[in-house]
Amino acid sequence: MQVHENKEPVVGYEIGKHGLFYRVAKPVFFKEKYIGAVEFGIKAAEVADNIEAVLNIKVARFINDTLLNENFRNYVKNEIRTQDVSVNPYGNQLLFKQLIKSYDFKDSSIQRSKFKNMQMALFSSGNLKNYQEVTIAKLLIAQDISDEITNYKSFLIQSIYLTLILIAGAYIILHFSFGSYINKIIELNKTLENKVKRRTQDLEKVTDKLKHTNAELQQIFNTAADGMRVIDKDYNVLRVNDTFAKLIGEKKELQTNNLCHEHFKGKFCFTPGCTLKRILGGEEYLEIDVEKEMKSGEKRSFLLTATPFKSSDGKILGVVENFKDITHRKNAYAAMQEHEQYLNAIMSTVQAGVIITDEKSPIIIDANPYALKLMGCSKNDLRQSSIRDYFNLE
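Because the structure is a prediction, the values reported are computed rather than measured. (Residues numbered from 1 in each chain as written. Predicted model: local features only at pLDDT ≥ 70, side-chain atom pairs only at ≥ 80, totals over all residues. Heavy atoms only, no water.)

Visitor: I tried to follow the overall build of the chain on my own but got confused; where do I start?
Guide: The helix and strand tally for the chain stands at 12 helices and 17 strands. Out of the 394 residues belonging to the chain, those deemed buried represent 38%. In the chain, of all internal contacts separated by at least 6 residues, the share reaching a separation of at least 24 is 41%. Only carbon and sulfur atoms are counted for the fraction: they give 52% of the accessible area of the chain, which is about 24800 Å². (Helix = DSSP H or I, 4+ residues; strand = E, 2+ residues; numbered from the N terminus. Buried < 20%, exposed > 50% of the residue type's maximum accessible area, 1.4 Å probe, protein only. Contact = heavy atoms within 4.5 Å. Areas by Shrake-Rupley, 256 points an atom, 1.4 Å probe, with all protein chains shown as cover.)

Visitor: Which parts of the structure should I look at to understand the sheet that holds strand 15 (residues 316-325)?
Guide: Judged by pairing direction, the sheet is antiparallel, and its six strands sit side by side in the order 11-10-15-14-13-12 without closing on themselves. This sheet does not close on itself; its edge strands, each paired only once, are strand 11 (237-240) and strand 12 (265-266). (Pairing = 2+ DSSP bridges.)

Visitor: Any chance you could explain the pairing of strand 8 (residues 118-129) here in plain terms?
Guide: Residues in a regular strand point their side chains to alternate faces of the sheet. In terms of residue burial, strand 8 counts as a mostly covered element, since nine of its 12 residues are buried. Bridge count between strand 7 (residues 111-115) and strand 8: five bridges; the pairing is antiparallel. Bridging across to strand 8, K114 finds its partner in Q119. Once strand 7 ends, the chain turns through two residues before running back antiparallel as strand 8, passing K116 with a positive phi of about 55 degrees. Pairing between strand 8 and strand 9 (residues 135-144): eight bridges, direction antiparallel. Counted as the bridge partner of K129 is T135 from strand 9.

Visitor: Looking at this model, I keep getting lost on the side chain of S113. Mind explaining?
Guide: Note on placement: S113 falls in strand 7. Other than its neighbours up to four places away in sequence, S113 contacts L99, S102, M118, Q119, M120 and L122.

Visitor: I keep staring at the state of the cysteines and nothing clicks. Help me out?
Guide: Note on terminology: a disulfide is the covalent bond linking the sulfur atoms of two cysteines. Inspection of the entire model under this criterion finds zero disulfides. Unpaired in this structure, C260 has its nearest cysteine sulfur neighbour in C269, at a distance of 6.1 Å. (Disulfide = S-S within 2.5 Å.)

Visitor: Where do I start with the pattern of salt bridges in this structure?
Guide: Opposite charge on two side chains permits them to pair, given that their charged atoms come into close proximity. What the rule picks out here adds up to seven salt bridges. Put simply, E79 and R61 hold a salt bridge, and the shortest N to O gap is 2.8 Å. In this pair, E79 is assigned in the loop between helix 3 (70-75) and strand 5 (80-82) and R61 in strand 4 (residues 58-64), connecting sequence segments 18 residues apart. R61 carries the same exposure label as E79, and that label is buried. Where R300 meets D325, a salt bridge forms, and the shortest distance between an N and an O atom there is 2.4 Å. Taken together, the residues R300 in strand 14 (residues 299-310) and D325 in strand 15 connect sequence positions 25 residues apart. What makes R300 buried here is its relative accessible area of 18%. The class for D325 is partly exposed, based on a relative accessible area of 28%. (Salt bridge = Lys/Arg side-chain N within 4 Å of Asp/Glu carboxyl O.)

Visitor: How should I be thinking about the packing of aromatic side chains in this particular structure?
Guide: Any two aromatic rings considered together are summarised by their centre-to-centre distance and by the angle between their planes. Under the defined criterion, the tally for this structure stands at seven aromatic pairs. Measuring from centroid to centroid gives 4.9 Å for Y103 and F105, while their planes differ by 85 degrees, and the two rings are edge-to-face. Accessibility expressed as a relative area gives 3% for Y103, which makes it buried. Judged by centre distance (5.2 Å) and plane angle (75 degrees), the ring pair of F244 and F264 falls under edge-to-face. Pair noted here: F244 is in helix 7 (residues 242-248) and F264 is in the loop between helix 8 (252-255) and strand 12, with a separation of 20 residues, a long-range link. Residue F244 is classed as buried on the basis of its relative accessible area, which comes to 1%. We classify F264 as buried; its relative accessible area is 1%. Grouping aromatic residues by their ring pairs yields a cluster made of F244, F264, F302 and F323. (Phe/Tyr/Trp six-rings, centres within 6.5 Å; stacked < 30°, edge-to-face > 60°.)

It is worth stressing that arrangement in space is one thing and function is another; only the former is reported here.
And the structure:
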């Protein structure tokens with residue numbers, strides 16, 4: 001990998017088994033020593049959704065057939081293949097299936113088409129490059145220009161009527177007026193082209209901003225002190241952070257795309273107490289002590305915090321789990337309880353009076369049964385009284 005050679009972050013798009021992804025690889029150092037790299041990917045569909053929401057346009061992605069591998073051809077669905085390219089319309093299947101029938105992918109200029117009663121402007125934009133800065137895919141943008149076309153036609157009709165009137169009046173007036181209207185038409189075309197150009201620039205800015213935001217989120221996720229993982233509604237592990245991988249002692253790639261109980265089984269698995277079932281059942285926040293079994297068979301204790309994993313529109317997609325390892329804390333507490341029970345047993349059986357006072361005052365804190373018997377009083381009567389009330393310590 002390029003990141004192993006240069007020890008610097010690399011970003012780019014990549015054609016994988018399940019489609020096009022935007023991937024980021026970041027070097028990881030421990031005590032200034034390079035120990036490897038972390039990598040994450042974002043579906044191109046998520047980028048397209050954000051672009052559509054911000055710019056009010058429709059976005060598809062197309063890739064030249066020569067760049068497609070066998071896994072892509074066998075597994076990727078919803079692709080439209082035409083003119084030696086593979087087009088993914090994302091959520092706009094009907095729209096792009098109709099529009100690309102008349103679209104020339106070799107022509108990079110703005111092309112017009114019609115969908116139902118809408119006039120559409122089509123153009124390619126946004127070179128999607130891989131790690132080597134080589135373009136492997138592009139975006140196909142569809143913009144509704146019905147209002148612009150309607151205004152343009154209205155203006156053109158008015159110009160024709162006026163021109164006819166001017167012809168009846170005089171050739172000289174016709175000459176100057178016609179020239180003036182032609183200039184206005186040319187200016188209108190320039191305005192439309194400038195508008196499309198500005199929107200293309202806005203699109204590129206949004207893409208850059210998404211790259212930066214995703215990089216920040218991934219860094220925060222991987223540097224969290226507690227182990228974290230994201231699980232979808234079908235119990236598949238979508239993502240784990242570096243801390244989680246270290247916590248259970250397995251590589252991240254061995255944990256993702258597997259069922260959640262396969263590498264991290266607990267007593268709530270396959271029961272109504274399962275965190276995913278409870279979140280899907282309507283609970284918004286869970287905090288419980290759990291015992292998990294590692295793949296090695298070792299059992300460890302964790303404080304588990306779980307919250308819903310939601311989409312941008314609030315739909316629950318799964319659960320986000322946060323694990324804080326409290327094994328040592330629970331072991332220490334158990335040892336302390338055992339030690340306390342041991343001391344209580346000694347106090348109860350020793351055949352000598354034992355009285356415990358406060359270290360800074362003569363106030364009695366505790367006494368064993370033998371001392372209570374000698375003094376002829378109960379523990380409640382004795383506690384919080386002064387030892388001087390019972391013994392002359394002069």
